Amino acid sequence: MNLNCALIFGTDTGNTEEMAEKIADAFVQHGLSLELINVSDCSVEQIETFDFIIMGIPTWDFGGIQEDWEEFEQDILRCQLKEKTVALYGMGDQLGYGDYFVDAMGWLYERVAKSGARVIGAWPTEGYDFAASLAVNEDNSLFCGLAIDDDQQFDLTDERIERWVLQLLAELNEIEAA
Ligand SMILES: Cc1cc2nc3c(=O)[nH]c(=O)nc-3n(C[C@H](O)[C@H](O)[C@H](O)COP(=O)(O)O)c2cc1C
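So, here is what we can say about the structure in this document. Given the structure is predicted, the values throughout are model-derived calculations rather than measurements.

Notes on the overall build of the protein
Regarding its fold elements, the protein presents six helices and nine strands. Over its C-alpha trace the protein gives a radius of gyration of 15 Å, about what one expects of a compact globule, namely 16 Å for 178 residues. Projected onto its principal axes, the C-alpha coordinates of the protein cover approximately 40 × 30 × 30 Å. Relative to all contacts within the protein whose residues are 6 or more apart in sequence, the contacts with residues 24 or more apart total 78%. For the protein, the accessible surface area stands at approximately 8700 Å², while carbon and sulfur atoms represent 43% of it. In the protein, the 9 positive side-chain charges and the 36 negative ones have mean positions that sit 8 Å from each other.

What follows is the structure, given as structure tokens:
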């Protein structure tokens with residue numbers, strides 16, 4: 001696959017960046033390299049140079065948006081994402097914040113979808129235990145991207161990333177073949 005790929009993350013305490021590195025390592029194993037960019041150093045013009053963009057966001061303070069992503073909101077809405085494919089991952093804690101689990105990923109989904117992106121990488125909610133999330137579909141069966149709970153389910157993180165990356169590669173191949 002000949003795609004220009006990036007992973008843009010925001011983080012307060014480093015977890016989302018750590019996952020970015022794991023996701024990038026998994027892609028490299030399959031021959032695709034991702035440019036890692038902190039959203040606080042990112043511009044609209046830069047985003048528009050990529051074909052495939054993964055975005056990582058943690059949820060803070062009862063459904064709050066990580067602050068660098070929040071500051072970037074107008075830029076996401078300004079981005080021309082119509083020809084782009086986007087995948088999202090969200091970091092959260094389903095036991096500590098089960099009424100707001102990975103809410104910020106749902107916030108980001110709404111905005112990239114509004115900017116015209118094709119969003120891939122929906123992920124089953126099976127295997128998680130939470131009361132509510134703004135990142136799920138109507139029947140609560142799918143998250144809009146990969147939910148990573150490295151606080152409560154760290155033992156599942158590597159396997160989830162591995163499976164999600166394979167899923168993304170399959171979805172990208174399908175798009176390319178269409
Ligand atoms: C004070 C505090 C508030 C949090 N609020 C939420 C929340 O509302 N929803 C959620 O799913 N996770 C919540 N979390 C969990 C974080 O999203 C999680 O620890 C994440 O991995 C942090 O990512 P970062 O290190 O990249 O900032 C919270 C954690 C703390 C310490």
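Picking up where we left off.
Things to note about the state of the cysteines
The full count for this structure, using the stated rule, is zero disulfides. No disulfide involves cysteine 79; its nearest neighbouring cysteine sulfur is the one of cysteine 42, lying 7.5 Å away. When its relative accessible area of 4% is taken as the criterion, cysteine 79 is described as buried.

What about the site of the ligand?
Taken together, 20 residues sit near the ligand, with Thr11, Thr13, Thr16, Thr59 and Asp151 positioned nearest. Between valine 102 and the ligand, the recorded distance is 3.0 Å, taken from a backbone N or O atom to an oxygen atom. When isolated, the ligand has an accessible area of 640 Å², and the protein chains bury 87% of it. Of all the elements in the fold, those that place two or more residues in the shell around the ligand are α1 (15–29) and β3 (52–60). For the shell around the ligand, the element with the highest residue contribution is β3, accounting for three residues. Here the residues of the shell around the ligand sort into eight nonpolar, eight polar and four charged.

What about unusual backbone geometry?
One non-glycine residue, valine 102, lies in the positive phi region at around 45°. Position of valine 102 among the secondary structure elements: in the loop between β5 (85–91) and α5 (103–114). By relative accessible area, valine 102 is classed as buried at 1%. Of note, asparagine 140 is a non-glycine position whose phi angle comes to about 65°, a positive value.

Description of the pairing of strand β1 (residues 5–9)
When you tally the buried positions in β1, you get five out of five residues, the bulk of the element. Where β1 and strand β2 (residues 34–38) come together, five bridges link them in parallel fashion. From the neighbouring strand, cysteine 5 faces β2, where its bridge partner is leucine 34. Judged from the five bridges that link them, β1 and β3 form a sheet pairing that is parallel. When the sheet's bridge partners are listed, alanine 6 is paired in β3 with isoleucine 53.

A closer look at the pairing of β5
With seven of seven residues buried, β5 is to be regarded as a mostly interior element. The two faces of β5 match: Thr85, Ala87, Tyr89 and Met91 on one face and Val86, Leu88 and Gly90 on the other face are all buried. Two strands pair when backbone bridges link them, and β3 and β5 are joined in this way by seven bridges, in the parallel orientation. Note that in β5 the partner of isoleucine 53 across the bridge is valine 86. Bridging between β5 and strand β6 (residues 118–120) involves three bridges; their strand directions are parallel. Following the sheet pairing, threonine 85 is matched in β6 by arginine 118. One crossover worth recording links β5 to the parallel β6 by way of α5, and it is right-handed. Sheet topology places β5 next to strand β9 (residues 146–148); three bridges connect them, and they run parallel. Bridge pairing in β9 places glycine 90 opposite alanine 147.

Conventions used here
- Residues numbered from 1 in each chain as written.
- Predicted model: local features only at pLDDT ≥ 70, side-chain atom pairs only at ≥ 80, totals over all residues.
- Heavy atoms only, no water.
- Helix = DSSP H or I, 4+ residues; strand = E, 2+ residues; numbered from the N terminus.
- Rg over C-alpha atoms; globule rule 2.2 N^0.38 Å.
- Contact = heavy atoms within 4.5 Å.
- Areas by Shrake-Rupley, 256 points an atom, 1.4 Å probe, with all protein chains shown as cover.
- Lys, Arg positive; Asp, Glu negative; His and termini not counted.
- Charge placed at Lys NZ, Arg CZ, Asp CG, Glu CD.
- Disulfide = S-S within 2.5 Å.
- Buried < 20%, exposed > 50% of the residue type's maximum accessible area, 1.4 Å probe, protein only.
- Near = heavy atom within 4 Å.
- Polar contact = N/O pair within 3.5 Å; in protein donor to acceptor, adjacent residues only side chain to side chain.
- Nonpolar A, V, L, I, M, F, W, Y, C, P; charged D, E, K, R; others polar.
- Pairing = 2+ DSSP bridges.
- Right-handed = clockwise from strand over helix to strand, strands pointing away.

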